[in-house]
Amino acid sequence: MTSLRYKDKVALVTGGSRGIGKGCVDVFVENGAKVIFCSNDDTEGQDLESKLNSKGPGEALFIYGDVTQESHIKKIVEKTVEKFGRIDCLINNAGTHPLSHTIDEFSAEDFRKLLDLNLINYFLFSKYSLPHLRKTEGSIINISSLVNQIGQAQAVTYVATKGAITSMTKALAIDEAKYNVRVNSVAPSSIWTPLLDDVLKSVPNPLEAKQMCANSQLLGRIGTIEEVGKACLFLASDATFCTGIELNLTAGAELNYGIKNMRKQKTSAN
Ligand SMILES: NC(=O)c1ccc[n+]([C@@H]2O[C@H](COP(=O)([O-])OP(=O)(O)OC[C@H]3O[C@@H](n4cnc5c(N)ncnc54)[C@H](O)[C@@H]3O)[C@@H](O)[C@H]2O)c1
């Protein structure tokens, strides 16, 4: 029998009903943790909660909430402590990737809404969880993205939110070190989730796009949500000398030269 690596510890995962957040919830419960997870999808959340509780060995509790609402965030953190008495790890994950556009098609309002969802949400969950994390000398894990390091075409607002998450991680790591609270980020490249599926379905040839997406990694495949969950468990339970780092979960996507010429080719007609 394998040993349980987060037994009786309490993890709070945002956006845990599907995708990367679900991968984290699954792995932490498999390792004996008590996991509170929130999402704005009630049916998905309830289903996952009952599946995990019938399997164990840890426990899961789902709380419905919209992470763009400060009052919901406060309530979720309060309920976590009411139910389990402590928080050992906060995984900030809930977020989205808008469909591809250049800056010409994004409005300031689109950007403000995305900042609320992708960035301010992480800030507020951290703010309200930290008084509890300081007591347990716990840790925060922020799901960022590889694109904060290498950029991404037609994703100027998304990339900006992810860059801010990675920078915020480092600043918070400095301030919280005096409490022995560690703050790290994870930078995935392509992970197979409903969000990635939606993004790929929005392009003219989704099958070809999925293959190109897999080929963007040196290992020639898209990552799994369990692989992200395991990396987060490593940061939460084993990486006790890591703070302010970004763990790349990319199968080498950022390495080597590629075909990157974006200039329009000159033809005899122009
Ligand atoms: N999938 C990838 O390839 C990939 C790569 C890099 C980074 N990421 C990041 O990982 C995180 C999760 O992405 P995913 O692909 O799993 O997405 P997903 O859409 O598959 O899952 C997102 C989760 O967040 C929840 N959520 C979304 N908006 C919410 C809101 N307003 N209130 C409460 N919950 C809300 C959803 O209910 C769901 O549980 C995001 O921060 C994303 O930027 C994903």
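Only a predicted model underlies this, so the values are computations on that prediction, with no experimental measurement involved.

(A) Summary view of the site of the ligand. Around the ligand, the structure places 27 residues, and the nearest of them are Ile20, Asn93, Tyr158, Ile191 and Thr193. In the model, an oxygen atom of the ligand is placed 3.5 Å from a nitrogen or oxygen of the Arg18 side chain. Taking Thr193, its side chain carries an N or O atom lying 2.6 Å from an oxygen atom of the ligand. Here the ligand, which alone exposes 840 Å², has 94% of that area covered by the protein. Residue assignment for the shell around the ligand shows that the elements contributing at least two residues are α1 (19-30), α4 (108-136), α6 (156-176) and α7 (194-201). Looking at the shell around the ligand, its residues break down into eleven nonpolar, 13 polar and three charged.

(B) Representation of the pairing of strand β5 (residues 139-143) in the model. Among the five residues that make up β5, five are buried, leaving the element largely enclosed by the rest of the structure. With burial as the criterion, each face of β5 is covered, one bearing Ser139, Ile141 and Ile143 and the other bearing Ile140 and Asn142. Bridge count for strand β4 (residues 89-92) against β5 is four bridges, and the pairing is parallel. Its bridge partner lying in β5, Leu90 is registered against Ile140. With α4 bridging β4 and the parallel β5, this β-α-β connection has right-handed handedness. Bridge count for β5 against strand β6 (residues 182-188) is five bridges, and the pairing is parallel. Across the sheet, residue Ser139 finds its bridge partner in β6, namely Arg182.

Cut-offs and rules
- Residues numbered from 1 in each chain as written.
- Predicted model: local features only at pLDDT ≥ 70, side-chain atom pairs only at ≥ 80, totals over all residues.
- Heavy atoms only, no water.
- Near = heavy atom within 4 Å.
- Polar contact = N/O pair within 3.5 Å; in protein donor to acceptor, adjacent residues only side chain to side chain.
- Areas by Shrake-Rupley, 256 points an atom, 1.4 Å probe, with all protein chains shown as cover.
- Helix = DSSP H or I, 4+ residues; strand = E, 2+ residues; numbered from the N terminus.
- Nonpolar A, V, L, I, M, F, W, Y, C, P; charged D, E, K, R; others polar.
- Buried < 20%, exposed > 50% of the residue type's maximum accessible area, 1.4 Å probe, protein only.
- Pairing = 2+ DSSP bridges.
- Right-handed = clockwise from strand over helix to strand, strands pointing away.

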